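# Fold and geometry: a report
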Amino acid sequence: MLSPHTLSTPFTKLVGLSAPIQLAAMPGIATADLVAAVADAGGLGMLGAPMMSRALLERVLEQLSERTKGAFGVNFLIPFLDLECVSVAARRARVVEFFYGEPDPRLVERARAFGALASWQVGSLAEAVAAERAGCDFIVVQGTEAGGHVRGGTSLLPLLSLVLDTARVPVVAAGGIATARSLAGVLACGAGAARIGTRFVVAAESGAHPSYVEALLAASATDTCLTEAFSVLWPDAPHRVLRSAIAAAEALREDIIGEETQPDGVFPVHRLSVVPPTLTTTGHVEAMALYAGESVGNVSSVQPAAAIVSELVTGAERLLRDAGRFLGGRDG
Ligand SMILES: Cc1cc2nc3c(=O)[nH]c(=O)nc-3n(C[C@H](O)[C@H](O)[C@H](O)COP(=O)(O)O)c2cc1C
């Protein structure tokens, strides 16, 4: 059931949403359950598909189509790109999105060939301009506050302002947004939606390991840091994690620190691997990649995704309506 929210933006109209919220793609964490729950709540659910086989991606997307009438998309990380998977996603998803590489018109064309919308998450003004020039239908601007891999070197508001001054397509804001106040803030700036990761890592439908969730609930913004520590499988790519995870990993000596069960087998988790701990992970969870944005300080309880969407949207609506009081000297 789509909720009857009233925050309508060029982005929500383009994608067909009732909530100006995009779930961040988080492989292993943003499970099909979480993607469907956000889509059902009127937001855009995003599935992360790095290293997913074509057959598995096809199966998951088919199941998602059966489970939700809402909108969902697929995110591809350029260093792990499988072109055939892009075509599979383009046939079945509303949005096909790319991250961590130069915007490429050929990829955008492939994504749009079957009617999907194409987007690119960017970390600089130059990359935003290139994404629009490549033909993207919308752009996601990521600030350095963000959890997970971080593309650029500027925090959200300065970069968002620059991009909004030049972009002609809808812009989604990412990094550090976990409350109704921060959602209202970026919407008031002119963004079409917020892309939210860390807050949804602790959603009831998340695939995050319970110890990872507990660590996030206890942490504040200053407990996170930008690092290149978790670089096995993906070197030279800065990411924001809980600092405690780096210390725990450095204290271990063994190369294999746990195991993870996936649909196609059981895999070892290497020390300093990029893979975050999920419900099927065993071993030294505290020493794995505990991705967290600065928004982690605003994350204090486990809730169903629909409750998170509803809290953010109704709160932002109220704040934006209240902010109108200050216009025209009507605040007295
Ligand atoms: C656990 C985790 C995994 C992530 N994985 C991806 C990914 O695979 N692709 C991607 O485009 N962004 C990824 N991101 C970054 C998000 O897209 C987004 O920029 C970020 O979550 C926004 O900041 P926030 O965490 O403060 O909400 C990830 C973020 C987290 C927290």
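In short, a report on the structure. Since the model is a prediction, treat every value here as computed from it, not as a measurement.

### Brief notes about the overall build of the protein chain
Helices and strands together make up the secondary structure of the protein chain, namely 12 helices and 14 strands. Projected onto its principal axes, the C-alpha positions of the protein chain cover 65 × 45 × 40 Å. Looking at the protein chain as a whole, 55% of its 332 residues are labelled buried. Considering only contacts within the protein chain whose residues lie at least 6 apart along the sequence, 60% involve residues at least 24 apart. Carbon and sulfur atoms make up 54% of the accessible area of the protein chain, which amounts to about 13,700 Å² in all. Taking the 25 positively charged and 33 negatively charged side chains of the protein chain as two groups, their mean positions are separated by 7 Å.

### So, the site of the ligand
In the vicinity of the ligand there are 23 residues, among which Q121, R195, G197, T198 and S295 approach most closely. Here an oxygen atom of the ligand sits 2.8 Å away from a polar atom, N or O, in the side chain of Q121. A distance of 2.8 Å is found between an oxygen atom of the ligand and a side-chain nitrogen or oxygen belonging to R195. Expressed as a share of its isolated accessible area of 600 Å², the protein-covered part of the ligand is 97%. Among the residues forming the shell around the ligand, the class breakdown is 11 nonpolar, 11 polar and 1 charged.

### Description of the sheet that holds strand β11 (residues 239-242)
The strand order across the open sheet formed by 3 strands is β7-β11-β10, and the pairing between neighbours is antiparallel. The open sheet has two edge strands, β7 (148-149) and β10 (224-227), and neither has a second partner. In this structure, β10 lies alongside β11, joined through 4 bridges in antiparallel fashion. Looking across to β11, one finds that C225 is bridged to V241.

### What to know about the nonpolar core
Most often, soluble globular proteins have nonpolar side chains that are buried together. Among the nonpolar cores identified, the biggest contains 106 residues, and L57, L61, F76, V96, V141, F200 and F230 are the most heavily contacted of them. The leading source of residues in this core is helix α12 (residues 305-323), at 6 residues. Setting aside its immediate chain neighbours within four residues, F76 contacts A49, L57, L81, C85, V86, A89, V96, E97, F98 and F99. V15, L44, A71 and A174 belong to the second largest nonpolar core, which has 14 residues in total.

### Focus: helix α8 (residues 180-189)
Every buried residue of α8 is accounted for by A180, S182, L183, A184, V186 and L187. Next to the buried residues of α8 lie β1 (21-23), α7 (156-166), β8 (171-174), β9 (193-196) and α12. Once α8 finishes, G190 follows within two positions and takes phi at roughly 125°, a positive value.

### A few points about the pattern of salt bridges
Across all of its chains, the model carries 10 salt bridges by this definition. For the salt bridge of E62 with R92, the shortest nitrogen-to-oxygen distance reads 3.8 Å. Placement of the pair is E62 in helix α3 (residues 54-67) and R92 in helix α4 (residues 83-92), with a sequence separation of 30 residues. We classify R92 as partly exposed; its relative accessible area is 32%. Among the ionic pairs, D137 bridges to R112, the shortest N-O distance being 3.0 Å. Residue D137 is found in the loop between α6 (125-133) and β6 (138-142), and its partner R112 is found in helix α5 (residues 105-112); the two are separated by 25 residues along the sequence.

Rules of the game
- Residues numbered from 1 in each chain as written.
- Predicted model: local features only at pLDDT ≥ 70, side-chain atom pairs only at ≥ 80, totals over all residues.
- Heavy atoms only, no water.
- Helix = DSSP H or I, 4+ residues; strand = E, 2+ residues; numbered from the N terminus.
- Buried < 20%, exposed > 50% of the residue type's maximum accessible area, 1.4 Å probe, protein only.
- Contact = heavy atoms within 4.5 Å.
- Areas by Shrake-Rupley, 256 points an atom, 1.4 Å probe, with all protein chains shown as cover.
- Lys, Arg positive; Asp, Glu negative; His and termini not counted.
- Charge placed at Lys NZ, Arg CZ, Asp CG, Glu CD.
- Near = heavy atom within 4 Å.
- Polar contact = N/O pair within 3.5 Å; in protein donor to acceptor, adjacent residues only side chain to side chain.
- Nonpolar A, V, L, I, M, F, W, Y, C, P; charged D, E, K, R; others polar.
- Pairing = 2+ DSSP bridges.
- Core = buried A, V, L, I, M, F, W, Y, C linked by side-chain atoms within 4.5 Å.
- Salt bridge = Lys/Arg side-chain N within 4 Å of Asp/Glu carboxyl O.

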